Amino acid sequence: MSIAVEFLDVVKQFPGAVEPAVDHVSFQIQEQEMITILGTSGCGKTTLMKMVNRLYEPTSGEIRIFGENIGQTDAVALRRKIGYVIQQVGLFPHMTVEKNIAVVPEILGWDSAQIHDRVTELLELVNLDPKQYRGRYPSQLSGGQQQRVGLARALAAKPSLMLLDEPFGAIDAINRTKLQDELMKIHKRAGLTCMFVTHDVTEALKLGTRIMIMNQGKIQQFDTAKNILEYPANAYVASLLQSVQEGLNFFR
């Protein structure tokens, strides 16, 4: 496997902030991994992710995507190659489900037949009947259905890298579990590389091939769920696990 994402001594310091949001972070993510990034609010996890598609620029250091220094690439072209899913979904309310999914393929100049087939394929992938849902508008969908459409839209142009920023945070527990299961199937089937930000320990351990635990802009531990549970790297990691210990028996 090749290296999909690499951070080389990356710092992000926001103007006026006393401490860096991301503080001298270095790591590698292998192609086809599902990396979950876990931490409390303000730990730097979302800032780290937003530097991957250049929504934020690093103060110093270098970020490489599939070996390419993204600081030397066109930001708009980079973003079109990366799928991005957020908690608020961000569907265009005046567009049908089909039009929402087709946004990036249309920008890239795909022909209408190719787009139609891709929308059908993706709706089936996220378990929404194309005949029933392609002509609906976001206001006619439940929150879980909207999130499925958001996931389909992010996959539309066949990205090699997916960024997911607390995508299921506003979804009820039952649908959240279903969406997690769907994402795991899609990840395996499509061979995607995924970075998934969450503050939910159980979600991070369930989804991640490896879990990156952050605090105060630094990586505290980056390892498999099994190793983190058996060998927490420090007191912070141990306390994070202890706070939800009753829900972790499934992973033992």
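Because the structure is predicted, anything quoted here is derived from the model rather than measured.

Chemist: Quick one: what's the story with the layout of surface pockets, residue by residue and with numbers?
Modeler: As a volume, the largest pocket reaches approximately 500 Å³. In this structure, the largest pocket is lined by 20 residues; those nearest its centre are Arg79, Ile82, Tyr84, Val104 and Arg153. Listed by contribution, the elements that provide at least two residues to the lining of the largest pocket are α2 (75–80), β6 (82–86), α4 (103–107) and α7 (143–155). The element that contributes the greatest number of residues to the lining of the largest pocket is β6, accounting for 5 residues. Its residues assigned to classes, the lining of the largest pocket shows 13 nonpolar, 4 polar and 3 charged. In this model, the second largest pocket occupies a volume close to 210 Å³. Lining the second largest pocket are 14 residues, with Ile65, Phe66, Glu68, Leu78 and Lys81 sitting closest to its centre.

Chemist: Any details on the packing of aromatic side chains? Residues and values, ideally.
Modeler: Tallying each qualifying case throughout the model produces 4 aromatic pairs. Seen in terms of ring centroids, Phe14 and Tyr56 are 5.2 Å apart; in terms of plane orientation they differ by 80 degrees. Their pairing is edge-to-face. Taken together, the positions of Phe14 in the loop between β1 (3–12) and β2 (22–30) and Tyr56 in the loop between α1 (45–52) and β4 (60–65) put the pair 42 residues apart, joining distant regions of the chain. For Phe14, a relative accessible area of 27% corresponds to the partly exposed category.

Chemist: Explain the pattern of salt bridges to me, using residue names and the numbers behind them.
Modeler: Tallied over the full model, the rule gives 12 salt bridges. One salt bridge in this structure joins Glu6 and Arg64, with 3.7 Å as the shortest N-O distance. Residue Glu6 is found in strand β1, and its partner Arg64 is found in strand β4; the two are separated by 58 residues along the sequence. In this structure, the salt-bridge partner of Glu62 is Arg64, at a minimum N-O distance of 2.6 Å.

Cut-offs used in this document
Residues numbered from 1 in each chain as written. Predicted model: local features only at pLDDT ≥ 70, side-chain atom pairs only at ≥ 80, totals over all residues. Heavy atoms only, no water. 1 Å grid on protein atoms, 1.4 Å probe; cavity = no way out; pocket = protein on both sides within 12 Å on 5 of 7 lines; lining within 4 Å. Points joined across faces, edges and corners; volume = space filled by probe spheres on them. Helix = DSSP H or I, 4+ residues; strand = E, 2+ residues; numbered from the N terminus. Nonpolar A, V, L, I, M, F, W, Y, C, P; charged D, E, K, R; others polar. Phe/Tyr/Trp six-rings, centres within 6.5 Å; stacked < 30°, edge-to-face > 60°. Buried < 20%, exposed > 50% of the residue type's maximum accessible area, 1.4 Å probe, protein only. Salt bridge = Lys/Arg side-chain N within 4 Å of Asp/Glu carboxyl O.

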